[in-house]
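Chains, contacts and geometry: an overview
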Number of protein chains: 2
Amino acid sequence: MPGDLELVSEWRHFGGWMRQYAHESAAVGGLKMTFNVYLPPQAETGPVPVIYYLAGLTCTGETGAQKGHFAKAAAQRGVAIVYPDTSPRGAGVAGEDDDWDFGTGAGFYVDATQQPWSKHYRMYTYVREELPALVTEHLPIRKGKAGIFGHSMGGHGALTLAMRNTDKYASVSAFAPICNPLEVPWGVKALKGYLGDDRATRAEYDATNLMLEKGPFPSLGTILVDQGKADKFLDQQQLTPHVLQEACEKKGQSMQLRIHEGYDHSYYFVSSFGEEHINFHADALATL
Amino acid sequence: MPGDLELVSEWRHFGGWMRQYAHESAAVGGLKMTFNVYLPPQAETGPVPVIYYLAGLTCTGETGAQKGHFAKAAAQRGVAIVYPDTSPRGAGVAGEDDDWDFGTGAGFYVDATQQPWSKHYRMYTYVREELPALVTEHLPIRKGKAGIFGHSMGGHGALTLAMRNTDKYASVSAFAPICNPLEVPWGVKALKGYLGDDRATRAEYDATNLMLEKGPFPSLGTILVDQGKADKFLDQQQLTPHVLQEACEKKGQSMQLRIHEGYDHSYYFVSSFGEEHINFHADALATL
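Residues numbered from 1 in each chain as written. Chains lettered and ligands numbered in written order. Predicted model: local features only at pLDDT ≥ 70, side-chain atom pairs only at ≥ 80, totals over all residues. Heavy atoms only, no water.

The helix and strand tally for chain A stands at 10 helices and nine strands. Across its three principal axes, chain A shows a C-alpha extent of roughly 45 × 40 × 35 Å. Among the 288 residues that make up chain A, the fraction classed as buried is 63%. Counting contacts in chain A only where the partners sit at least 6 residues apart, residues at least 24 apart contribute 72% of the total. In the structure as shown, chain A presents an accessible area of about 10200 Å², 47% of it carried by carbon and sulfur atoms. Across chain A, the centroid of the 25 positively charged side chains sits 4 Å from that of the 33 negatively charged ones. (Helix = DSSP H or I, 4+ residues; strand = E, 2+ residues; numbered from the N terminus. Buried < 20%, exposed > 50% of the residue type's maximum accessible area, 1.4 Å probe, protein only. Contact = heavy atoms within 4.5 Å. Areas by Shrake-Rupley, 256 points an atom, 1.4 Å probe, with all protein chains shown as cover. Lys, Arg positive; Asp, Glu negative; His and termini not counted. Charge placed at Lys NZ, Arg CZ, Asp CG, Glu CD.)

What follows is the structure, encoded as structure tokens:
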């Protein structure tokens, strides 16, 4: 049985409700987790489909809720959006607050296997199991397949969760995702830190590797990825969307990679295409 | 001659550009001021009309830019949005950082007459004169009448600037504005602090008083005000939109006051109606 939800705050928003809930999380070792959820007006009359939005490094469950500009389209289409946090908070692991790209705010949506991270840093199970059980139990959110999308580290999370759980996700999209964390600086640091040196363990959290080893994933339909061409992290080879695109082509997976001239890595980029992502998932969820 | 603008950052956004500029401001006593501006795609081929957005207590020029969700409609309608800061920064006035509702982040869009505030706290002249001169000189922004809107303290600023300068503003709207600062706690504290005890001086910055003493203002057309019914500051009698509405009725000024069930004072409220405000101003600016 999922635990209880404590309503922290709620805000009327585009005819529905943005709510913030807290709960004790077994998945992350008993810590208190906080998330946001947007419930569209249609949720007042019955359960609605849901899309999970995974945010990037340093963000929280409020970042996408405030800056993503997703709610208007969600209200029009009658879909809920769940915005999890990006890591456990207050785990008390030595060094967890030292770096902006590892530890607090940087959970990378993995289940850590390495001490001292393995007790609390279990965001993969949190997003995959605990959070869906909670929201479908307590909120007017439809059970069954969901959509999932995210930004940067959260794009990595969305891609890997979807590819590994095609029974749980009907559609996946991402803004400027980390596509090949086995090979890029952010990914090497985080995956080795949480998962250790065994490459096979880390490879389970690498979208490009999953595509090559387990793909294609026809039930996901087309994978949608938006990438700003002026994104400095693209230049720094942290994101490498073309590597994922090549893997998709090799395996016959449909992927739409859109490179946007002039756009960078910020929420000014994300919000510019947010409505299109909501419509993309709403279309997929409408066919279930 | 207006001074120079220093480009701090720029972000591609809805086909146009969100830019952040800094400049030395004569209006606020030589301090460096920072503002955001959204330039729609249409600005690439010529000057576009402009709307000024004045934010509320504790905010900066980035708040509305990130959380207001105004840019999509601005891109569609071909209008620029200028987002000034809410006070001078770093004036070095003793006590300016002590309170969230007075001093830094709380300039109230007045020209202070009282020591030690009068040298730097001159946001009325900054928004009315210096900023328009700068943006029309350096950016593809049309000279002539502008639209102006704002939130809370910024709604107060928008209403009073528009009523006192009908030669400069064609349209005015507000989200949850402070309508009668002469009589409410936030307003009494701020206006007495910046302007002293002389009631006539303070009354020049009170929208309700301006309407009663100088109204109506037919060139402004209809004044649009959105107010959330669940706004705690409405209950605390900080906002009092019905007092302004009565003044408008008494003077024959057209005003549309929309009370929204369930909405509070947050940007989840503002953003829910942001597109309507952009369209409201774009319609007025299109007739000039």
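Moving on to the packing of aromatic side chains. All names here are of chain A. Evaluation of the coordinates by the stated rule reveals 41 aromatic pairs over all chains. For the pair Phe149 and Phe175, a centre-to-centre distance of 6.1 Å together with 55° between the ring planes defines the contact as tilted. With Phe149 in strand S6 (residues 146–151) and Phe175 in strand S7 (residues 169–175), this residue pair connects regions lying 26 residues apart in the sequence. Considered together, Phe149 and Phe175 belong to a single accessibility category, that of buried residues. Every member of this aromatic cluster is reached through a ring pair, and the members are Tyr53, Phe70, Tyr83, Phe149, Phe175, Tyr263, Phe269 and Phe273. The ring of Tyr205 has Arg164 lying over it, and the distance from NZ or CZ to the ring centre is 4.6 Å. (Phe/Tyr/Trp six-rings, centres within 6.5 Å; stacked < 30°, edge-to-face > 60°. Lys NZ or Arg CZ within 6 Å of the ring centre and 35° of its normal.)

All names here are of chain B. Taken together, nine strands build an open sheet; the order of strands is S1-S2-S3-S5-S4-S6-S7-S8-S9 and the sheet is mixed. The open sheet terminates on both sides in strands that have one partner only, identified here as strand S1 (6–13) and strand S9 (255–260). With direction set aside, neighbouring strand axes in the sheet form an average angle of 20°. When strand S7 (residues 169–175) meets strand S8 (residues 223–228), the two strands line up parallel, connected through three bridges. Within S8, the residue paired with Ser173 across the bridge is Leu224. Against the sheet, helix H4 (residues 153–164) touches strand S4 (50–54), strand S6 (146–151), S7 and S8, its axis set at about 150° to S6. Helix H9 (residues 241–251) rests against S8 and S9 of the sheet, and its axis sits at about 155° to S9. (Pairing = 2+ DSSP bridges. Axes fitted to C-alpha atoms, helices over the stretch in contact; angles between N-to-C directions.)

Turning next to the sheet that holds S6 of chain A. Strand pairing in a sheet relies on backbone hydrogen bonds. The paired strands run either parallel or antiparallel. All names here are of chain A. Here we have nine strands laid out as an open sheet, ordered S1-S2-S3-S5-S4-S6-S7-S8-S9, and mixed in their pairing. The open sheet is flanked by strand S1 (6–13) and strand S9 (255–260), the only strands paired with a single partner. Here the average twist between neighbouring strands, direction ignored, is 20°. With nine bridges connecting them, strand S2 (residues 16–25) and strand S3 (residues 31–39) associate as antiparallel partners.

Taken together, the 24 residues of chain B in the interface contact 25 residues of chain A. When chain B packs against chain A, close to 2100 Å² is buried across both sides, 53% of that on carbon and sulfur atoms. Linking chain B with chain A are two salt bridges, by the criterion used here. Between Lys72 of chain A and Glu275 of chain B there is a salt bridge, with the nearest N and O atoms lying 2.2 Å from each other. Looking at the side of chain B that touches chain A, the elements that each hand over two or more residues are S1, strand S2 (16–25), helix H1 (63–67) and helix H10 (267–286) of chain B. Considering each element in turn, the side of chain B that touches chain A owes the most residues, five residues, to H10 of chain B. In terms of residue class, the side of chain B that touches chain A is made up of eight nonpolar, nine polar and seven charged. (Buried area = accessible area lost by both parts, 1.4 Å probe. Salt bridge = Lys/Arg side-chain N within 4 Å of Asp/Glu carboxyl O. Nonpolar A, V, L, I, M, F, W, Y, C, P; charged D, E, K, R; others polar.)

Bringing the relation of the copies chain B and chain A into the picture now. For these two chain copies, the linking operation is a rotation about an axis paired with a shift along it. With an RMSD of 0.0 Å, the fit of chain B onto chain A corresponds to turning through 180° and sliding 0.0 Å along the axis. The operation mapping one copy onto its partner corresponds to a two-fold rotation axis. Residue Lys67 of chain B of chain B places its C-alpha closer to the rotation axis than any other residue of that unit, at 2.8 Å. Of all interface residues in chain B, 100% are interface residues in chain A too; the two copies therefore contact each other through one and the same surface. (Least-squares fit on C-alpha atoms with pLDDT ≥ 70 in both.)

Here we take up H10 of chain B. Residues and elements named next belong to chain B. Helix length check: H10, at 20 residues, gives a terminal C-alpha distance of 27 Å against a target of 28 Å (1.5 Å per residue), a fit within 8%. Remark: the principal bend of H10, roughly 45°, maps to Gly274. For H10, the tally of buried residues reaches 14 of 20 residues, placing the bulk of the element in the interior. Its side-chain oxygen placed 3.1 Å from the backbone nitrogen of Tyr268, Ser266 serves as the N-cap of H10. (Expected span 1.5 Å × (residues − 1). Bend = angle between axes of the 7 residues up to and from the residue. Polar contact = N/O pair within 3.5 Å; in protein donor to acceptor, adjacent residues only side chain to side chain.)

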